[in-house]
Amino acid sequence: GENVEQHPSTLSVQEGDSAVIKCTYSDSASNYFPWYKQELGKGPQLIIDIRSNVGEKKDQRIAVTLNKTAKHFSLHITETQPEDSAVYFCAASPPNTGNQFYFGTGTSLTVIP
Amino acid sequence: DVKVTQSSRYLVKRTGEKVFLECVQDMDHENMFWYRQDPGLGLRLIYFSYDVKMKEKGDIPEGYSVSREKKERFSLILESASTNQTSMYLCASSVGGRRNEQFFGPGTRLTVL
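Model, not experiment: these values are computed from the prediction. (Residues numbered from 1 in each chain as written. Chains lettered and ligands numbered in written order. Predicted model: local features only at pLDDT ≥ 70, side-chain atom pairs only at ≥ 80, totals over all residues. Heavy atoms only, no water.)

**Considerations on the overall build of chain A**
(1) Moving on: A tally of helices and strands in chain A yields 0 helices and 11 strands.
(2) Moving on: Scanning chain A from its N terminus toward the C terminus, one meets helices and strands in the order β-β-β-β-β-β-β-β-β-β-β.
(3) Moving on: Scaling as 2.2 N^0.38, a compact globule of 113 residues should have a C-alpha radius of gyration of about 13 Å, and chain A matches this with 14 Å.
(4) Moving on: If you line up chain A on its principal axes, its C-alpha atoms span 45 × 30 × 20 Å.
(5) Moving on: Across the 113 residues of chain A, 47% fall into the buried class.
(6) Moving on: Counting contacts in chain A only where the partners sit at least 6 residues apart, residues at least 24 apart contribute 53% of the total.
(7) Moving on: Here chain A has roughly 5300 Å² of accessible surface; of this, 47% comes from carbon and sulfur atoms. (Helix = DSSP H or I, 4+ residues; strand = E, 2+ residues; numbered from the N terminus. Rg over C-alpha atoms; globule rule 2.2 N^0.38 Å. Buried < 20%, exposed > 50% of the residue type's maximum accessible area, 1.4 Å probe, protein only. Contact = heavy atoms within 4.5 Å. Areas by Shrake-Rupley, 256 points an atom, 1.4 Å probe, with all protein chains shown as cover.)

Structure below.
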């Protein structure tokens, strides 16, 4: 099955700096890549997603890039704020698996005021 | 707003007990999922369901079973709880069809003594 690796496991940045989280996947057929944010005591919540027919997607301070050849995708957060502090998960979803997601191991992001 | 609710936020059980974790979604979603979340391991899929009375094994189904008698409700059952099933359990739901956002509940932290 699909295998998703995520790095780094922890990340600390100063408020206002950028943060980048990287993921690689193994199944070249995967064609949907969501990113989830999990705040303390809550379930994960989708923040951005990208499909394989697109190389980049942006939503205000958040962007995701996808390199299908290299089988990796990244989350970019610019102008970080303390409320960005959370655990972030990437996931990949191959076709013919229904809506099954394979998640990375998570990145704990701390934004230092 | 989609709402996924889980019956308990915290649960403490004894080894060997039968445990029921309940999940209810209010958006008429076809797909429902059960994950367990452990530090350093991310989210791992236990079971999922595409329709009433239908179930599919995920990556770690051993020691678990599920029940989906109604579209809005998906139950996870630990037939004989063991200490290695101490974990955070997350339920999610999504619309059927092409890969779509999964909406997560707040989680149940289960401790097996």
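**Here we look at the interface of chain B and chain A**
(1) Moving on: Between chain B and chain A, the contact holds 24 residues from the first and 24 residues from the second.
(2) Moving on: Of the roughly 1800 Å² buried where chain B meets chain A, counting both sides, 48% is carbon and sulfur surface.
(3) Moving on: For the side of chain B that touches chain A, the elements supplying multiple residues, two or more each, are β4 (31-38), β5 (42-49) and β9 (87-94) of chain B.
(4) Moving on: Of the residues in the side of chain B that touches chain A, the class split is 11 nonpolar, 8 polar and 5 charged. (Buried area = accessible area lost by both parts, 1.4 Å probe. Nonpolar A, V, L, I, M, F, W, Y, C, P; charged D, E, K, R; others polar.)

**Section: the packing of aromatic side chains**
Residues and elements named next belong to chain A.
(1) Moving on: This model, assessed by the stated rule, comprises 17 aromatic pairs over all chains.
(2) Moving on: Aromatic pair W35 and F73: ring centres 5.6 Å apart, planes at 70°, arrangement edge-to-face. Here W35, found in strand β4 (residues 32-38), pairs with F73, found in strand β8 (residues 72-77); they are 38 residues apart in sequence, far enough to count as distant.
(3) Moving on: What makes W35 buried here is its relative accessible area of 0%.
(4) Moving on: A ring pair is formed by Y36 and F101, whose centres lie 6.5 Å apart and whose planes are at 50°; its orientation type is tilted. (Phe/Tyr/Trp six-rings, centres within 6.5 Å; stacked < 30°, edge-to-face > 60°.)

**Digging into the confidence of the model for chain A**
(1) Moving on: Per-residue pLDDT for chain A has a mean of 94; in total, 100% of the residues score no lower than 70.
(2) Moving on: Model confidence for chain A, summarised as mean pLDDT per element, is weakest for strand β6 (residues 56-59) of chain A at 94 and strongest for strand β3 (residues 19-25) of chain A at 98. (pLDDT = per-residue confidence, 0-100.)

**What to know about the sheet that holds β3 of chain A**
All names here are of chain A.
(1) Moving on: Spatial ordering of the open sheet is given by β1-β3-β8-β7-β6, a layout of 5 strands whose pairing is antiparallel. Among the strands making up the open sheet, the edge pair consists of β1 (4-7) and β6. Taking each pair of neighbouring strands and ignoring which way they run, the sheet shows an average axis angle of 15°.
(2) Moving on: For β3 and β8, the ladder comprises 6 bridges, and the chain directions are antiparallel. Counted as the bridge partner of C23 is F73 from β8. (Pairing = 2+ DSSP bridges. Axes fitted to C-alpha atoms, helices over the stretch in contact; angles between N-to-C directions.)

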